[in-house]
Amino acid sequence: MPGTKYLQTPLKDDNLKELKIGDKVLITGTIYTARDAAHKRLVDLIEAGKELPFDIKGQIIYFVGPSPARPGMPIGSAGPTTSYRMDPYSPILLDAGLKGMIGKGPRNKEVIDSMIKNKAVYLAAIGGAAVVMAQSIKEAKVIAYEDLGPEAIRELKVENFPCIVANNIYGNDLFDEGVRKYKK
Amino acid sequence: MREIDVKEIIPIVRKLCIDASIYIGKDVVEKLKEFQEKEESPIAKEIISIIFENQRLAVEKQMPLCQDTGVAVFFIELGQDVHLVGGDFYEAINEGVRQGYKEGYLRKSMVDDPIIERKNTRDNTPALIYLDIVPGDEIKITLAAKGGGSENMSEVKMMKAADGIEGVIDFVVDRVKRSGGNPCPPIIVGVGLGGDFEQSALLAKKSLLRSLTEKNSGTKWAKVEDEILERVNNLGIGPQGLGGRTTAIAVNILHKACHIACMPVAVNIQCHVHRHKTAVI
Ligand code: SF4
């Protein structure tokens, strides 16, 4: 891989400036989980002018609904879910200060434009490599929407959580460029 | 006539659910290795290595390969000389699922209604159960634990005979192209041809039960599978959609007779976490 970069949350513009698509990144710090149902609730809160259950500024949302933790473990398997289902919501969260998203699969034009506008990034985690990813999650606690079960919002403490830069702040898209390179 | 108490089925189904979520089939590993050797993209090669590492860690830690442990789909062949006693057969399957998903720490991914309430049933039931009556006095239970990400990229199309086999191949390739990185490639492409609207979809799902290292028994179908596989891998999608030569590791086709006016084609996309396990009672 071209290079490995280290990211610490909350994200700073300076760290994001140097990210190129295809870079391998290792994230350390706090990240938040949310899938479709939680996204809908967060966006409803923003639209109603209410406060979010966590301070979203500079943060990363990981699109994941983990499997239950075995006793003594912080979390179960925890790989990414498909991101396009979050596309209708992401621009609103990016406008509210979100700086990074982790998921799998490409994003639509609205999300990519919003990432350019808000200087935010989208990182690809490997779908189906959920045990590997769980190894980098050291703590997990539900902080909102417990009723949603696997879809509740969790605060995760991660160490060297592995991702690949899929969209950087300049609008480059690995899903587009990578595929064009290997197409025959 | 052989009497089988449905309660015997519960622990068997329970074990199928847990085992399928942790232990990947040898055929998947073999195919992934074969494609990794041919892979040109360094990122793609590394992603496949991480998939192998995940398979190893799943067994070591007894954790499910993927957090999406799927909807529990059962293909059951029930011997016609079996007399089921001791309760409701379908309920016994569901009880096995309930126990397996709880005791295996598997994710409960079922909602009670598809759009209005979408309340999680919290035990991964109901299972989807397809039953075939066959000669004999055994019950063969196959579980396919199907993840949502790859299932969502599936499609049925009512084509015309005039579209020909080329038309069918174009549709399948286009379906994979439109799926891009969403279904967690490397994928397996299940194709169902013929039957009617709903049977084509079932054929596509059933086709995925054939071992990936086993060729289609019909030579002309084996050729179609090879052609689709080559065209799909020329799309450049690659592992996770990030570019590469390994988009699919196999194409499996199942076909059946159909009406003179019809030509149903179904594509069921399966991710590399290809979970299916069988038990015979
Ligand atoms: S598509 Fe397969 S590998 Fe990807 S998240 Fe779903 S079950 Fe897991």
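All values reported here derive from a predicted model rather than from experimental measurement. (Residues numbered from 1 in each chain as written. Chains lettered and ligands numbered in written order. Predicted model: local features only at pLDDT ≥ 70, side-chain atom pairs only at ≥ 80, totals over all residues. Heavy atoms only, no water.)

This model, assessed by the stated rule, comprises 36 salt bridges over all chains. Here D147(A) makes a salt bridge to R41(A), at a shortest N to O gap of 2.7 Å. Here D147(A) is found in the loop between β6 (137-144) and β7 (153-167), whereas its partner R41(A) is found in helix α2 (residues 36-47), with 106 residues between them in sequence. Put simply, K184(A) and E40(B) hold a salt bridge, and the shortest N to O gap is 3.8 Å. (Salt bridge = Lys/Arg side-chain N within 4 Å of Asp/Glu carboxyl O. Helix = DSSP H or I, 4+ residues; strand = E, 2+ residues; numbered from the N terminus.)

Let's shift gears to the sheet that holds strand β4 (residues 128-134) of chain B. Residues and elements named next belong to chain B. The strand order across the open sheet formed by four strands is β4-β2-β5-β10, and the pairing between neighbours is mixed. Lying at the two open borders of the sheet, with one neighbouring strand each, are β4 and β10 (275-280). Across this sheet, the average inter-strand angle for adjacent strands is 15°, counted without regard to direction. Where strand β2 (residues 71-79) lies against strand β5 (residues 139-146), eight bridges are found, and the strand directions are antiparallel. When the sheet's bridge partners are listed, F75 is paired in β5 with T142. (Pairing = 2+ DSSP bridges. Axes fitted to C-alpha atoms, helices over the stretch in contact; angles between N-to-C directions.)

On to the interface of chain B and chain A, then. Facing 43 residues of chain B, the contacting portion of chain A comprises 49 residues. Summing the contributions of chain B and of chain A, the shared interface buries around 3,700 Å²; its carbon and sulfur component is 61%. Per-residue buried area on chain B facing chain A is highest for Q67(B), Y105(B) and L242(B); these three make up 19% of the total on that side. Scanning the region where chain B abuts chain A turns up two salt bridges. Across the chain B-chain A interface, the total number found is 16 residue pairs in polar contact (both at pLDDT 80 or more). Among the elements that make up the side of chain B that touches chain A, the one with the highest residue count is helix α3 (residues 42-61) of chain B (ten residues). (Contact = heavy atoms within 4.5 Å. Buried area = accessible area lost by both parts, 1.4 Å probe. Polar contact = N/O pair within 3.5 Å; in protein donor to acceptor, adjacent residues only side chain to side chain.)

Residues and elements named next belong to chain B. You can read the domains of chain B as domain 1 (2-20 + 65-146) and domain 2 (149-273). Placing a centre on the C-alpha atoms of domain 1 and another on those of domain 2 gives a separation of 26 Å. Both faces combined, the contact of domain 1 with domain 2 buries some 800 Å², and carbon together with sulfur accounts for 71% of it. When residues of domain 1 are sorted by the area they lose upon contact with domain 2, F75, Y130 and K146 head the list and together hold 62% of the total. Linking domain 1 to domain 2 there are two salt bridges. K146 serves as the salt-bridge partner of E151, at 3.1 Å between the closest nitrogen and oxygen. Along the contact surface separating domain 1 from domain 2 lie four residue pairs in polar contact (both at pLDDT 80 or more). Secondary structure elements with two or more residues in the side of domain 1 that touches domain 2: β2, β4 and β5. (Domains from an automatic or database assignment.)

Close contacts around the ligand come from 14 residues, with G128(A), C66(B), S150(B), C184(B) and C271(B) the closest. Of the chains in the model, those with residues near the ligand are chains A and B. Residues belonging to the shell around the ligand are distributed by class as follows: six nonpolar, five polar and three charged. (Near = heavy atom within 4 Å. Nonpolar A, V, L, I, M, F, W, Y, C, P; charged D, E, K, R; others polar.)

A pair of packed helices is characterised by two quantities: the angle between their axes and the separation of those axes. Residues and elements named next belong to chain B. Two elements in contact, helix α6 (residues 164-179) and helix α8 (residues 219-233), have axes whose closest approach is 10 Å; the angle formed by their N-to-C orientations is 40°. Considered as vectors, α6 and α8 are oriented oblique to each other. The hand of the α6/α8 crossing is right-handed. Of the residues in α8, those touching α6 at I165, E166, I169, D170, V172, V173 and V176 are W221, V224, E227, I228, R231 and V232. By residue class, the composition of the contact of α6 with α8 is nine nonpolar, no polar and four charged. (Parallel < 35°, antiparallel > 145°, perpendicular 65-115°, else oblique. Left-handed = near helix turned anticlockwise from the far one by under 90°.)

Right, let's get into the sheet that holds strand β7 (residues 187-195) of chain B. Residues and elements named next belong to chain B. Spatially, four strands are ordered β6-β9-β7-β8 in an open sheet, and the strand pairing comes out mixed. Each end of this open sheet is capped by a strand with a single partner; those strands are β6 (155-159) and β8 (248-258). Taking the axes of each pair of neighbouring strands and ignoring which way they run, one obtains an average angle of 15° across the sheet. On the sheet, α8 packs against β7 and β8 and is oriented at approximately 140° with respect to β8.

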